[in-house]
Amino acid sequence: MERPERAVDDCAEDAAFSPSKAVGAGASFNDGKERLGEMAKLAGFDFYLLSVFPRGDRTAFIENRLISNWPLSLVGFYEATDLFYCSRLVTAMKRTIVPIFCKEGSFAGSAANQENRRLNTLFQLHGLKNTFAFALHDADLKQYIFAFSGDCPMPTREQAMALLYGCMELLDKVSRNGNPETVRRRRSPGAKSNACDAA
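Student: Which residues make up the nonpolar core, and what are the values?
Tutor: Counting residues in hydrophobic clusters, the biggest one holds 26 residues, and the most contacted among them are Trp70, Tyr78, Ile100, Phe107 and Phe123. If you list the elements that add at least two residues to this core, you get β1 (47-52), α4 (72-81), α5 (88-93), β3 (100-103), α6 (114-125) and β5 (143-150). No other element matches the four residues that α5 contributes to this core. When near neighbours in sequence (up to four residues on either side) are disregarded, Trp70 contacts Phe47, Tyr48, Leu49, Phe61, Val75, Tyr78, Phe107, Phe123 and Leu128. Grouped together as the second largest cluster of nonpolar side chains are 24 residues, Phe45, Ala160, Cys167 and Leu170 included.

Now the structure itself:
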């Protein structure tokens, strides 16, 4: 029992979200925003998103989005397009369990139409060009998406591992305070060359 604890302590400083910080009571909604912001910045990303993985009876972006720092105008426009559940990002994540990296157009649909081109342009204008994302589930087996976006290239393996492990701990902490979806509602108002690839 002492050996694993010692190993965690020895490596704690290398993680984006230190295991030593994960000990104790669950995290609040605001803690989650702060931690996601810190992890995104450490990996070179400007934007982050935590959402419930969309399912057949719940597809809308607004009802699945839990935490993000996306511009509100972009959130509103994206909700109106109703493409999240069938986006290239979500479609790619249904085919693999490893993290994925999408170059441009990750949140648009796969069709080469005017709506998707306009959406891609809007995301790029706001700085959400490339996206690194993965799915995690909590102890109750509810599935979530963590997505980090910006103009930076694919994270290094070390950065990717730090993000993945940090988000696992964050999700565990937030879920200790109850269902993350419930916490959000209590705290907040109302195959191209640039396709998504496994990281």
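Student: Break down α4 for me, with residues and values.
Tutor: Three- or four-residue spacings in an α-helix give side chains the same orientation, since the helix completes a turn every 3.6 residues. All of the buried residues along α4 are Leu74, Val75, Tyr78 and Thr81. Buried residues along α4 cover an arc of 125° about the axis, so they all sit on one side. In α4, the exposed residues that point more than 90 degrees away from the buried face are Leu72, Ser73 and Ala80. Residues of α4 that are buried make contact with α3 (61-64), β2 (65-68) and α6. Asp82, located one to two residues past α4, shows a positive phi value of around 55°.

Cut-offs applied
Residues numbered from 1 in each chain as written. Predicted model: local features only at pLDDT ≥ 70, side-chain atom pairs only at ≥ 80, totals over all residues. Heavy atoms only, no water. Core = buried A, V, L, I, M, F, W, Y, C linked by side-chain atoms within 4.5 Å. Buried < 20%, exposed > 50% of the residue type's maximum accessible area, 1.4 Å probe, protein only. Helix = DSSP H or I, 4+ residues; strand = E, 2+ residues; numbered from the N terminus. Contact = heavy atoms within 4.5 Å. Arc of directions from axis to C-beta.

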